[in-house]
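Read off the chains here:
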Amino acid sequence: MSPSHPPVYILGGHQSDFARHAQREGDGLFELLRSSVLAALQDAKVEAREIDCCHVGNFIGELLQGQAHLGGMFAAIDPALDGKPSGRHEAACASGGIAMLAAMAEIEARRYDCVLVSGVEIERHVPGAVAAGHLGAAAWVGEEGAEARFVWPWMFDRVAREYDQRFGIRYEHLARIAEINIRNARRNPLAQTRTWHFEEGAFSADDEKNPVIEGMVRRNDCGQLTDGSASVVLASAAFARSWADRHGIAFDGIPRIAGWGHRTAHLQLEKKLEASAGQPYVFPHVRDTIADAFRRAGIADWQSLSGIETHDCFSPTEYMAIDHFGITRPGESWRAIEEGWIEPDGRIPINPSGGLIGGGHPVGATGVRMVLDAARQVSGRAGEIQVEGACRFATLNLGGSATTAVCFVVETEAGIAGGKA
């Protein structure tokens, strides 16, 4: 670990049930946030008074709930949080990842030793078309997507078409990504789709069983908008060591964020695609984000990982992530799909949680949820979705048309020393 990048430890956390419909149960943003925070503190064995600072990721609280200034809600969760510094972060679907980075920076700068990070979103109380319209705020409004019926399926169909133009792409590979993630979600007790039924042919180019939404993007290629919250408690090495001693926990078994990457590109999708013309990767800044995280974690490539939790707002997004992680050569993500590498028992399991397609996508919470799942994997606490022997996981959280990219590498010292990766 580089002295300029002190480790940040993950003491515990909580994810709400992403199948919940919050409004039907009488809950709003505050209630979701409160339950997640209190459960995370309990899981982390940390008192509210020990928290130095709080961060929350949220994308469209103003548009869907008429509520902003969510940082002020922490004080209402526990009196011990009243007066603690806090803030809300927005970067579309990468809002949670940006909140994580802000909290880590404070620990790395030695401002604080114990920081709470949450993400929260409520999206199910309005018709899908209304929610989709509000989510269009993550594009450059008035400059792109005006001709689209649904902005984001249209955008990621455009990504699929770019792959087709550059390398060729077959829908069956996109459908296989969706099918794997839905199947993985069946084993996840917190996944939105865990009880959903899909008839034979639902993951095919059958226009009745899997209708076209936009171009190459069909119904089951889409991530599921939902209500949810996720929280984690982050700590400095000094705090984590004292905490471990206090609770009789092995310090080298505490998950830590060993590497991170963060890049931001042009807001407009076409500008990004024009800039990458003639280059190996469709989104060079995403590749650089991942490479930065690997470098900071001291690993050479994906082969040092036990698995990945990646953004799959649509199946073309995960298709892109596969080659941008370097698992295959650019444009050859299909190889990893056909050869079973991304399956739960494959060479590099991807989205054992079910991802966004199977697990659900409460936008502001997704980046935090990914890190929590990675921490559970490397500490052997992932339950039915556990990847056997996992000791190092990566996450990739994207905002907009891959405008914002955030990558983390999570590991345990004990697992790495044991040579499991």
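In this text, all values refer to a predicted model and were calculated from it rather than measured experimentally.

1. Considering the overall build of the protein chain
Here is step 1 of the chain: Within the protein chain, the regular secondary structure consists of 15 helices and 11 strands.
Here is step 2 of the chain: Relative to the globule expectation of 22 Å for 421 residues, the C-alpha radius of gyration of the protein chain, 20 Å, shows essentially globular dimensions.
Here is step 3 of the chain: In terms of overall dimensions, the protein chain has a C-alpha envelope of 55 × 50 × 40 Å along the principal axes.
Here is step 4 of the chain: Among the 421 residues that make up the protein chain, the fraction classed as buried is 61%.
Here is step 5 of the chain: A total of about 15600 Å² of accessible surface is found on the protein chain, and carbon and sulfur atoms cover 48% of it.
Here is step 6 of the chain: Of the charged side chains in the protein chain, 40 are positive and 54 negative; the average position of the first set lies 3 Å away from that of the second.

2. Comments concerning the pairing of strand E4 (residues 114–121)
Here is step 1 of the chain: For E4, the buried fraction is high: 8 of the 8 residues fall into the buried class.
Here is step 2 of the chain: Where strand E2 (residues 53–57) meets E4, 5 bridges bridge the pair, whose relative direction is parallel. Along E4, the bridge assignment pairs Cys-54 with Leu-116.
Here is step 3 of the chain: Here E4 pairs with strand E7 (residues 228–235) via 8 bridges, running antiparallel.

3. Digging into the environment of Val-117
Here is step 1 of the chain: By secondary structure assignment, the location of Val-117 is in strand E4.
Here is step 2 of the chain: Along the backbone, Val-117 and Trp-154 are 37 residues apart, and their C-alpha atoms lie at a distance of 32 Å.
Here is step 3 of the chain: Setting aside chain neighbours within four positions, we find Val-117 in contact with His-55, Ala-99, Met-100, Ala-103, Ala-230, Ser-231, Val-232, Leu-234 and Val-368.

4. Description of unusual backbone geometry
Here is step 1 of the chain: In this model, His-69 sits at a positive phi of 55 degrees, which is unusual for a non-glycine residue.
Here is step 2 of the chain: Mapped onto the elements, His-69 comes out in the loop between helix H2 (61–65) and helix H3 (74–77).
Here is step 3 of the chain: For Arg-110, which is not glycine, the phi dihedral falls at a positive 65 degrees.
Here is step 4 of the chain: With respect to the secondary-structure elements, Arg-110 resides in the loop between helix H4 (95–108) and E4.
Here is step 5 of the chain: Classification of Arg-110 as exposed rests on a relative accessible area of 66%.

5. Quick word on the sheet that holds strand E3 (residues 86–89)
Here is step 1 of the chain: Taken in spatial order, the 9 strands of this open sheet run E3-E2-E4-E7-E1-E8-E11-E10-E9, and their pairing is mixed. The outermost strands of the open sheet, each flanked by one partner alone, are E3 and strand E9 (307–310). Strand after strand, the sheet turns through a mean of 25 degrees between neighbouring axes, direction not considered.
Here is step 2 of the chain: Sheet topology note: the strand E10 (residues 392–399)/strand E11 (residues 404–411) ladder contains 8 bridges and is antiparallel. Considered in E11, the bridge of Gly-399 is made with Thr-404.
Here is step 3 of the chain: Packed onto the sheet, helix H10 (residues 284–297) meets strand E8 (256–264), E10 and E11 and runs at close to 155 degrees relative to E8.
Here is step 4 of the chain: The strands that helix H14 (residues 366–378) touches are strand E1 (8–15), E4, E7, E9, E10 and E11; relative to E10, the one it contacts most, it runs at about 175 degrees.

6. What to know about the pattern of salt bridges
Here is step 1 of the chain: Scanning all chains against the criterion turns up 26 salt bridges.
Here is step 2 of the chain: A salt bridge links Arg-88 to Glu-62; the shortest N-O distance between them is 3.0 Å. Within this pair, whereas Arg-88 is found in strand E3, its partner Glu-62 is found in helix H2, the two being separated by 26 residues in sequence.
Here is step 3 of the chain: When its relative accessible area of 39% is taken as the criterion, Glu-62 is described as partly exposed.
Here is step 4 of the chain: Because the salt bridges share partners, they merge into one network encompassing Arg-158, Glu-162, Arg-166 and Glu-270.

7. Section: the nonpolar core
Here is step 1 of the chain: Trp-152, Phe-283, Val-286, Phe-325 and Ile-327 are the most contacted members of the largest nonpolar core, which has 64 residues in total.
Here is step 2 of the chain: Counting residues per element, the ones that place at least two in this core are helix H6 (151–166), helix H7 (171–185), helix H9 (269–275), H10, helix H11 (315–324), helix H12 (333–338), E10 and E11.
Here is step 3 of the chain: It is H6 that contributes the most residues to this core, 8 residues altogether.
Here is step 4 of the chain: Excluding anything up to four places from it in sequence, Trp-152 contacts Leu-135, Gly-136, Ala-138, Ala-139, Phe-314, Gly-400 and Ser-401.
Here is step 5 of the chain: Of all hydrophobic cores here, the second largest spans 32 residues; its members include Val-46, Met-73, Ile-77 and Leu-81.

8. Focus on the packing of aromatic side chains
Within a pair of aromatic rings, the relevant descriptors are the distance that separates the centres and the angle that separates the planes.
Here is step 1 of the chain: Inspection of every chain in the model, using the stated rule, returns 9 aromatic pairs.
Here is step 2 of the chain: Look at Trp-302 and Trp-341: their rings are 5.9 Å apart centre to centre, the planes differ by 25 degrees, and that puts the pair in the stacked class. Remark: Trp-341 occurs in the loop between H12 and helix H13 (355–359) and Trp-302 occurs in the loop between H10 and E9; sequence separation between them is 39 residues.
Here is step 3 of the chain: We classify Trp-302 as buried; its relative accessible area is 7%.
Here is step 4 of the chain: Of the residues examined, Trp-341 reaches a relative accessible area of 17% and is grouped as buried.
Here is step 5 of the chain: Taken together, the ring pairs in this structure connect Trp-152, Phe-156 and Phe-314 into an aromatic cluster.

9. Regarding the pairing of E10
Here is step 1 of the chain: Within E10, 8 of the 8 residues are buried, which leaves the element mostly enclosed by the surrounding structure.
Here is step 2 of the chain: Of the two faces of E10, both are covered, the one formed by Arg-392, Ala-394, Leu-396 and Leu-398 as well as the one formed by Phe-393, Thr-395, Asn-397 and Gly-399.
Here is step 3 of the chain: Where E9 meets E10, 4 bridges bridge the pair, whose relative direction is parallel. Counted as the bridge partner of Gly-307 is Phe-393 from E10.
Here is step 4 of the chain: Turn length for the E10-E11 hairpin, with the two strands adjacent in sequence and antiparallel, is 4 residues, and the turn residue Gly-400 shows positive phi of about 65 degrees.

Reading the values: rules and limits
Residues numbered from 1 in each chain as written. Predicted model: local features only at pLDDT ≥ 70, side-chain atom pairs only at ≥ 80, totals over all residues. Heavy atoms only, no water. Helix = DSSP H or I, 4+ residues; strand = E, 2+ residues; numbered from the N terminus. Rg over C-alpha atoms; globule rule 2.2 N^0.38 Å. Buried < 20%, exposed > 50% of the residue type's maximum accessible area, 1.4 Å probe, protein only. Areas by Shrake-Rupley, 256 points an atom, 1.4 Å probe, with all protein chains shown as cover. Lys, Arg positive; Asp, Glu negative; His and termini not counted. Charge placed at Lys NZ, Arg CZ, Asp CG, Glu CD. Pairing = 2+ DSSP bridges. Contact = heavy atoms within 4.5 Å. Axes fitted to C-alpha atoms, helices over the stretch in contact; angles between N-to-C directions. Salt bridge = Lys/Arg side-chain N within 4 Å of Asp/Glu carboxyl O. Core = buried A, V, L, I, M, F, W, Y, C linked by side-chain atoms within 4.5 Å. Phe/Tyr/Trp six-rings, centres within 6.5 Å; stacked < 30°, edge-to-face > 60°.

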